[in-house]
Amino acid sequence: MGRIIAFANQKGGIGKTTSAINTAAAVAALGYKVLLVDCDPQGNTTSGVGINKKGLINSTYDVMIGNCDVNSAIRNTEFKNLHILPTNIDLAGAEFELVTLDDRAFRLKNALDTVKDQYDYIFIDCPPSLGILTIDCLTAADGVIIPMQCEYFALEGLSQLMVTIRKIKGLYNSDLQIVGIIITMFNGRLNLSMQVLGELKKYYADKIFKEPIPRSVRLSEAPSYGMPIEYYDRMSKGAEAYRAIAKELITRI
């Protein structure tokens, strides 16, 4: 049975989608069958693995509001063992359509439960907010990975996210666990980065993945080619970092 891991952080621009795509691709490259679920209405995870998000016939939106079953929406990618449940801006409307439904927090969980046995890992890219879609993602997940930058505002955002995770555990998903924290866009030469990392280690030392993700031009370029870094530039520092994350993740789970 596949493990479902959500990548979540309500603060945008911190490498959440980049981490979801590249961790999924790195785990898949190790030989595991992986489903990547795009639950962010921006659809960057979808385009980031080479799928055209315009004109999708079936998407995460259709699955969540009941227009189709999940198998009808899952697409193959060009990359080894990597499949995707794609999305586009239509998903933004789901926030309003789900709000009146009694089972709104369980729509994604119910869908993924039907395909969970088909994959070794299911990774969900959550939206950069703490709304209904994120609640759905965390309700469906077995664990959460939190990508974050070494900035003080990120520390504040982490505290808010921890509160949300505790609420989800209490209301919808008592088994939800924090799998780990990925440090993104890291520059060890900056005093601020080292100070924030020191603060994180005081409280979450056992949760921080050993390999930080460096700032990298190649990581920034890869999505414009619709490729994970593992395939865009396998020898880059970014690709090496995400391979290390993938291996550590497998041992943690």
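The shown structure was predicted, so the numbers you read here are calculated from the model rather than taken from an experiment.

*Asks:* Report on the overall build of the protein, specifying residues and quantitative values.
*Replies:* Broken down by element type, the protein carries 12 helices and seven strands. Against the 2.2 N^0.38 benchmark of 18 Å for 253 residues, the protein shows a C-alpha radius of gyration of 17 Å, consistent with a compact globule. Viewed in the frame of its principal axes, the protein has a C-alpha envelope of about 50 × 40 × 30 Å. Classification of the 253 residues of the protein by burial places 55% in the buried group. Long-range contacts, defined as pairs at least 24 residues apart, comprise 77% of the intrachain contacts of the protein with a sequence gap of at least 6. Here the protein displays about 11200 Å² of accessible surface, and carbon together with sulfur accounts for 50% of that area. Measuring between centres, the 27 positive side-chain charges of the protein sit 6 Å from its 27 negative side-chain charges.

*Asks:* For helix H1 (residues 16-29), give the residues involved together with the corresponding values.
*Replies:* Helix length check: H1, at 14 residues, gives a terminal C-alpha distance of 20 Å against a target of 20 Å (1.5 Å per residue), a fit within 8%. Within H1, 12 of the 14 residues are buried, which leaves it mostly tucked inside the rest of the structure. Of the residues making up H1, those classed as buried are Lys16, Thr17, Ser19, Ala20, Ile21, Asn22, Thr23, Ala24, Ala25, Ala26, Val27 and Ala28. In the segment just after H1, Gly31 is the residue with positive phi, at about 110 degrees.

*Asks:* So what's going on with the packing of aromatic side chains? Which residues, and what values?
*Replies:* Summed over all chains, the structure comprises six aromatic pairs. An angle of 80 degrees between the planes, with centres 5.5 Å apart, marks the rings of Tyr32 and Tyr121 as edge-to-face. Of this pair, Tyr32 sits in the loop between H1 and strand S2 (34-38) while Tyr121 is found in strand S5 (residues 121-125), placing the two residues 89 residues apart along the sequence. Taking the relative accessible area as the measure of exposure, Tyr32 reaches 29% and is therefore partly exposed. The exposure class assigned to Tyr121 is buried, which follows from its relative accessible area of 7%. Aromatic rings pair up to connect Phe7, Tyr32, Tyr121 and Phe123 into one cluster.

*Asks:* Give me the lowdown on the pairing of S5, citing residues and values where you can.
*Replies:* Counting buried residues along S5, five of its five residues qualify, which places the element largely inside the surrounding structure. Burial along S5 is two-sided: Tyr121, Phe123 and Asp125 facing one way and Ile122 and Ile124 facing the other are all buried. Bridge count between strand S1 (residues 3-7) and S5: five bridges; the pairing is parallel. Considered in S5, the bridge of Ile4 is made with Ile122. With five bridges joining them, S2 and S5 adopt parallel strand pairing. If you follow Val34 over to S5, its bridge partner there is Tyr121.

Thresholds applied
- Within any chain, residue numbers begin from 1 and follow the written order of that chain's sequence.
- Only residues with pLDDT of at least 70 get local features here, since the model is predicted, and only at 80 or more are side-chain atom pairs given and counted; chain-wide, interface and lining totals rely on the full set of residues.
- Side-chain figures throughout are based on the complete set of non-hydrogen atoms in the structure, without hydrogens or water.
- Each helix corresponds to a stretch of at least 4 residues labelled H or I by DSSP, and each strand to a stretch of at least 2 residues labelled E; elements are numbered beginning at the N terminus.
- In this treatment the radius of gyration is a C-alpha quantity, and the globule benchmark scales as 2.2 Å times the residue count to the 0.38 power.
- Exposure categories follow from relative accessible area, calculated using a 1.4 Å probe and restricted to protein chains: below 20% of the type maximum is buried, above 50% is exposed, and the middle band is partly exposed.
- What makes two residues a contact is simply this: any of their non-hydrogen atoms within 4.5 Å.
- In these tables, accessible area is a Shrake-Rupley quantity obtained with a 1.4 Å probe, and a residue counts as shielded only by the protein chains included in the view.
- Under this rule, positive means Lys or Arg and negative means Asp or Glu; His and the chain ends count for nothing.
- Charge placement uses NZ in Lys and CZ in Arg. For Asp and Glu, CG and CD serve respectively.
- A helix is expected to span 1.5 Å for every residue after the first.
- A pair of aromatic rings is counted whenever rings of Phe, Tyr or Trp (Trp by its six-membered ring) have centres within 6.5 Å, and the orientation is called stacked for planes under 30 degrees apart, edge-to-face for over 60 and tilted otherwise.
- The pairing criterion is simple: DSSP has to find at least two bridges between the two strands.

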